[in-house]
Number of protein chains: 2
Amino acid sequence: MTRMPPEVGNLEVKMHSDTHIVRQRFRVSYEYPVAFTEGLFTPENSLLLSTVTAYEPERQHRLFFCIDSGVMDAWPGLITDIHRYIHSHSASMSLACEPVIIQGGEACKNDPQLVQALLTKFADDGVDRQSFVVAIGGGAVLDMVGYAAGTAHRGIRLIRVPTTVLSQNDAGVGVKNGVNAFGNKNFLGTFCPPFAVLNDVRFIDTLEDRDKRAGMAEAVKVALIRDAQFFEWLCEHSAELGRFERSAMAYMIRRCAELHLQHIATSGDPFEYGSARPLDFGHWAAHKLEVLTDHALRHGEAVAIGIALDSCYSVEAGLLPEEALETICGLFDDVGLACTHDLLEASGVDGRLLIVAGLEEFRQHLGGELTVTMLRKLGEGVEVHEIDEGLLLRSIDRLMRRARAA
Amino acid sequence: MTRMPPEVGNLEVKMHSDTHIVRQRFRVSYEYPVAFTEGLFTPENSLLLSTVTAYEPERQHRLFFCIDSGVMDAWPGLITDIHRYIHSHSASMSLACEPVIIQGGEACKNDPQLVQALLTKFADDGVDRQSFVVAIGGGAVLDMVGYAAGTAHRGIRLIRVPTTVLSQNDAGVGVKNGVNAFGNKNFLGTFCPPFAVLNDVRFIDTLEDRDKRAGMAEAVKVALIRDAQFFEWLCEHSAELGRFERSAMAYMIRRCAELHLQHIATSGDPFEYGSARPLDFGHWAAHKLEVLTDHALRHGEAVAIGIALDSCYSVEAGLLPEEALETICGLFDDVGLACTHDLLEASGVDGRLLIVAGLEEFRQHLGGELTVTMLRKLGEGVEVHEIDEGLLLRSIDRLMRRARAA
């Protein structure tokens, strides 16, 4: 990532009764490439080389690799490939140390010792602000490594190599990092654009079917709130997607990533200072379901259920035409994603549905006012600030009945 | 602080052999007031009220106060004043909890448990992204609280109330936070502009003379590298400053803060992505001296010595006219700041001066190339990328002889 010079830099000095106020103003420009390639560590593939040398072609750059344990399992030759790649371009790059393997999955975001261990290694190996941390893995590993890289030396250059559908089409291309703490998801984190994102389609091939499916939920989400044409494409290609055909998967991932990037660049609020989160459609319930199932549900699986729930609510609230619900749920059926979960109906000791607490937790995460995105039509979201609990119960009931009838 | 909508939001899609690249681009605008007032917590002073309500005048805002133990010692009535202020404006503000007292001085940046305890309290008290953390204290407390606030929920709104000369004229008005780790100063931190900075001149009155003096070093520094006229003013008013006269102190602080703010806004690199640190004039040796003296030297005292050393080096290297050195050292003499320290001459077991290691540590902190600011004339810095050890030894020797002769 380059950040170009800020273009506003004026100070205004105002007298305000006895108080003198200087108004500090500046702008920071962010730029980073999100690349889609095949065979990233094949020596002939110049993408990583040209990324690392983009701004200082003459230097030998130091790279610190962090690899998701799940990726290592699927690609046992990966470290050899990395060594060979670095060796082939040794004038321009060197390893700060042997690649570090990080336990994949949400667990790595729950263990503060892991962040601490990684920071210690940055310090021990003399990783500095001009070094590159290359994180290869799923969303959780990218989040955790990104948090460590984002806070060490006030930010080390981070190259993300997302390896799952979900990270290639969503979290991995964005500007956030984070780890969980005190029982709160992403309680700690920063907004910190990466230096580059390098997506290699080959990593998708070795995913479990379940993970290939789960990652489609974010594509359905962003299509539903932003792009009717993409939603139509998803429906038309649901059979290919259900069979994980490579060209359909590749287009689904790339278009979803593009919509996500476009949102960040044009929303007016890339670092989320306001309390609206249009991209969090379906996410209030998804976050809660992940916790209630102790992360037995994948994030994408939970998002699919959250989308189904909020789509059903949108219909019940009279925002969305009746027939849209079946189109949405039908798409999930086709690609093999469930629209419900038994825990949607679980109650606490007070008799209240446990899922409902997710709304208050979501509000608290946003700060201030509750803002939830619902659907006005297929391809267009609408923000609401109140959720009617009665309608919510009716929506859950309706989805459960639909599931039981299938 | 408000961040205005980014104004660039275009994606360019390029084909690059088999690789498809989307270039993500956006800008983030930052804006925050730096106010100079008197009696911040006097109920009639509307500054804090108008700051907190600037963007949402209708809401009741939650404030979480963190107070430097040193400030509490000097202002035992401060918590009562805060309660009274909040009470007087209870429609617009409330306390998230009783103010938290934080051990002042560098020690608070060395103890990871303190950050952890503060984060726990944010979580326990439901502090969210729209809440305000108000940090009242010296630079170390502002840095530590700023780091906790900057990483919790990916950034809680931070209002800084700097209470020392050094924090009011320098660190407290800038965009950084940090804590020490693994023996490295500010190893952990983020670039995170505050929501507002509220300087109350009354806090200066109760500082120890030693701290009033130490804070002047940053004013001398920024004047020397940026503003000949301000340097002249400092020389002309050195007697008043030596007596800590309020109007001279207030102007010195405000002008120094303005130059610091101007640098951030116009340098082209507010978040320090490059490896130049023009404002770190005199700081490589200062950082090392602080460590060597186990922080017995105040930061400002160390900076004064670092400035004297690099000014002397500038003369020895033929960059700066001979007579400038005496003008600079004379100013330090007048305000009561030492230009040397015995540890400048201390050697390690290998016979090498310990201070010299500070250069390599500084280079490592910057990452990549060593960039040190030296002086070309009074009011103008110049960057150099190599330091001649022989000239450095000669400079140390010369300063020590000057000190002994006094």
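All of these numbers come straight from a predicted model, not from anything done at the bench.

The rules behind these values
- Sequence positions are assigned chain by chain, starting from 1 and proceeding in written order.
- Each chain is given a letter, starting from A, and each ligand a number, starting from 1, according to the order in which they appear as written.
- The predicted origin of the model limits local features to residues at a pLDDT of at least 70 and limits the giving and counting of side-chain atom pairs to 80 or more, whereas totals for whole chains, interfaces and linings rest on all residues.
- For the purposes of this entry, the term helix denotes a DSSP run of H or I that reaches at least four residues, the term strand denotes a run of E that reaches at least two, and both are numbered from the N terminus.
- Put simply, a residue is buried when 20 or more other C-beta atoms lie within 10 Å of its own C-beta and exposed when 12 or fewer do; between those, it is partly exposed, and each C-beta is set from the backbone.
- By definition, residue pairs are in contact when their C-beta atoms, positioned from the backbone, come within 7 Å.
- A clockwise course of the path from the first strand over the helix to the second, judged with the strands pointing away from the viewer, identifies a crossover as right-handed.
- Note on pairing: two strands pair once DSSP finds at least 2 bridges between them.
- A set of buried Ala, Val, Leu, Ile, Met, Phe, Trp, Tyr and Cys residues, joined through C-beta atoms within 7 Å, is what we mean by a nonpolar core.
- Multiply 1.5 Å by the residue count of a helix minus one, and that product is the helix's expected span.
- Summarising the geometry, the arc corresponds to the directions from the helix axis toward the C-beta atoms.
- The least-squares superposition of copies is restricted to C-alpha atoms, and to residues with a pLDDT of at least 70 in both copies.
- By convention here, the domain bounds are inherited from an automatic or database domain assignment.
- Each residue gets one of three labels, nonpolar for Ala, Val, Leu, Ile, Met, Phe, Trp, Tyr, Cys and Pro, charged for Asp, Glu, Lys and Arg, and polar for the others, Gly among them.
- All axes are obtained by fitting lines to C-alpha atoms, using only the stretch in contact for helices, and the reported angles, taken between N-to-C directions, cover 0 to 180 degrees.
- By definition in this entry, angles of less than 35 degrees are roughly parallel, angles greater than 145 are roughly antiparallel, angles of 65 to 115 are roughly perpendicular, and the rest are oblique.
- Handedness of a crossing follows from how the near helix is turned relative to the far one, being left-handed for an anticlockwise turn of less than a right angle and right-handed for a clockwise one.

Chemist: Could you give an account of the overall build of chain A, with specific residues and numbers?
Modeler: In terms of helices and strands, chain A carries 18 helices and 12 strands. Principal axes of the C-alpha set define a box for chain A whose edges measure 70 × 65 × 40 Å. Looking at the 406 residues of chain A, the share that counts as buried comes to 52%. The contacts in chain A between residues at least 6 apart in sequence include a share of 75% that link residues at least 24 apart.

Chemist: Just give me the short version of the pairing of strand β7 (residues 157-162) of chain B, but keep the residues and values in it.
Modeler: Residues and elements named next belong to chain B. Burial runs high along β7: six of the six residues are buried. Side chains of β7 alternate between two faces, with Arg157, Ile159 and Val161 and Leu158, Arg160 and Pro162 buried alike. Note on the crossover from strand β6 (residues 132-137) through helix α6 (residues 139-151) to β7: the handedness is right-handed. Of the strand pairs in this sheet, β7 and strand β10 (residues 196-200) are connected by two bridges, and their pairing is parallel. Paired with arginine 160 across the bridge in β10 is valine 197.

Chemist: So what's going on with the nonpolar core? Which residues, and what values?
Modeler: Counting 257 residues, the largest nonpolar core has Val145(A), Ala308(A), Val145(B) and Ala308(B) as the members making the most contacts within it. Non-local contacts of Val145(A), meaning those with residues more than four positions away in its chain, are made with Cys66(A), Ile102(A), Leu118(A), Val133(A) and Ala135(A).

Chemist: An account of helix α18 (residues 389-405) of chain A is needed here, citing residue identities and associated values.
Modeler: Residue and element names in this part refer to chain A. Here α18 contains 17 residues, and its C-alpha end-to-end distance of 24 Å stays within 8% of the 24 Å for a straight helix at 1.5 Å per residue. Residues of α18 that are buried include every one of Leu392, Ser395, Ile396 and Leu399, and no others. Within α18, the buried residues cover an arc of 95 degrees as seen down the axis, which keeps them to one side. Exposed and oriented more than 90 degrees from the buried face of α18 are Gly390, Arg401, Arg404 and Ala405. Buried residues belonging to α18 abut α15 (299-316).

Chemist: Describe the interface of chain B and chain A, with residues and values.
Modeler: Taken together, the contacts link 67 residues of chain B with 67 residues of chain A. Counting residues per element, the ones that place at least two in the side of chain B that touches chain A are β2 (19-37), α5 (112-124), β9 (184-188), α13 (246-266) and α17 (357-366) of chain B. Looking at the side of chain B that touches chain A element by element, the count peaks at 19 residues for β2(B). Where strand β2 (residues 19-37) of chain A lies against β2(B), 17 bridges are found, and the strand directions are antiparallel. If you follow Tyr30(A) over to β2(B), its bridge partner there is Phe26(B).

Chemist: Any chance you could break down the relation of the copies chain B and chain A for me, citing the residues and the numbers?
Modeler: Each copy of the chain is related to the other by a rotation around an axis and a translation along that axis. Expressed as a screw operation, the relation of chain B to chain A combines 0.0 Å of axial shift with a rotation of 180 degrees, fitting to an RMSD of 0.0 Å. Taken together, the turn and the small shift mark the pair as related by a two-fold rotation axis. Looking at the rotation axis and the C-alpha trace of chain B, the residue lying nearest is Val28(B), at 2.7 Å. Interface residue correspondence from chain B to chain A reaches 100%, placing this contact among same-surface, isologous pairings.

Chemist: Report on the domain arrangement of chain A, specifying residues and quantitative values.
Modeler: The accessible area lost on association of the parts is a frequent measure of interface size. Residues and elements named next belong to chain A. The domain architecture assigned to chain A consists of domain 1 (34-207) and domain 2 (211-405). Summarising the inter-unit geometry, the C-alpha centres of domain 1 and domain 2 are found 28 Å apart. Listed per partner, the contact involves 17 residues of domain 1 and 22 residues of domain 2. For the side of domain 1 that touches domain 2, a count of residues per class yields 10 nonpolar, four polar and three charged.

Chemist: If you had to explain the environment of Pro278(B) to someone new, which residues and values would you point to?
Modeler: When you line up the elements, Pro278(B) lands in the loop between α13 and α14 (283-292). Setting aside anything within four residues of it in sequence, one finds Pro278(B) in contact with Ile225(B), Thr373(B) and Gly381(B).

Chemist: So, the environment of Thr371(B): which residues are in play, and what are the values?
Modeler: Relative to the elements of secondary structure, Thr371(B) occurs in the loop between α17 and β11 (372-377). Not counting residues within four places of it along the chain, the set of residues in contact with Thr371(B) comprises Ser275(B), Ala276(B), Arg277(B), Leu366(B), Glu383(B) and His385(B).

Chemist: Give a description of the packing of α14(B) against helix α15 (residues 299-316) of chain B that names residues and reports values.
Modeler: Helix-helix packing: each pair is described by the crossing angle between the helix axes and the interaxial distance. Residue and element names in this part refer to chain B. At a minimum axis distance of 7 Å, the contact between α14 and α15 shows a crossing angle of 135 degrees. Accordingly, the angle class assigned to the pair α14 and α15 is oblique. Viewed along their axes, α14 and α15 form a crossing whose handedness is right-handed. Only His299, Ala302, Val303, Ile305, Gly306 and Leu309 of α15 make contact with α14, whose side of the interface consists of His283, Trp284, Ala285, Ala286, Leu289 and Glu290. For the contact of α14 with α15, the residue count by class is eight nonpolar, three polar and one charged.

Chemist: Kindly report on the pairing of strand β7 (residues 157-162) of chain A, identifying the contributing residues and their values.
Modeler: As paired strands, strand β6 (residues 132-137) of chain A and β7(A) are joined by six bridges and run parallel to one another. When the sheet's bridge partners are listed, Phe132(A) is paired in β7(A) with Arg157(A).

Chemist: Go over unusual backbone geometry, please, and point to the residues and values.
Modeler: Of note, Glu272(A) is a non-glycine position whose phi angle comes to about 55 degrees, a positive value. Relative to the elements of secondary structure, Glu272(A) occurs in the loop between α13 (246-266) and α14 (283-292). For His153(B), which is not glycine, the phi torsion reads 50 degrees and is therefore positive. Among the structural elements, His153(B) can be located in the loop between α6 and β7.

Chemist: Please set out the packing of α14(A) against helix α17 (residues 357-366) of chain A residue by residue, giving values where relevant.
Modeler: All names here are of chain A. Interhelical geometry of α14 versus α17 gives an angle of 110 degrees and a closest axis separation of 9 Å. Comparing the axis directions of α14 and α17 gives the class roughly perpendicular. Like other packed secondary-structure pairs, α14 and α17 cross with a definite hand, here right-handed. Two secondary-structure elements touch here, α14 through Trp284, Ala285, His287 and Lys288 and α17 through Ala357, Gly358, Leu359, Glu361 and Phe362. Split into classes, the residues belonging to the contact of α14 with α17 amount to five nonpolar, two polar and two charged.

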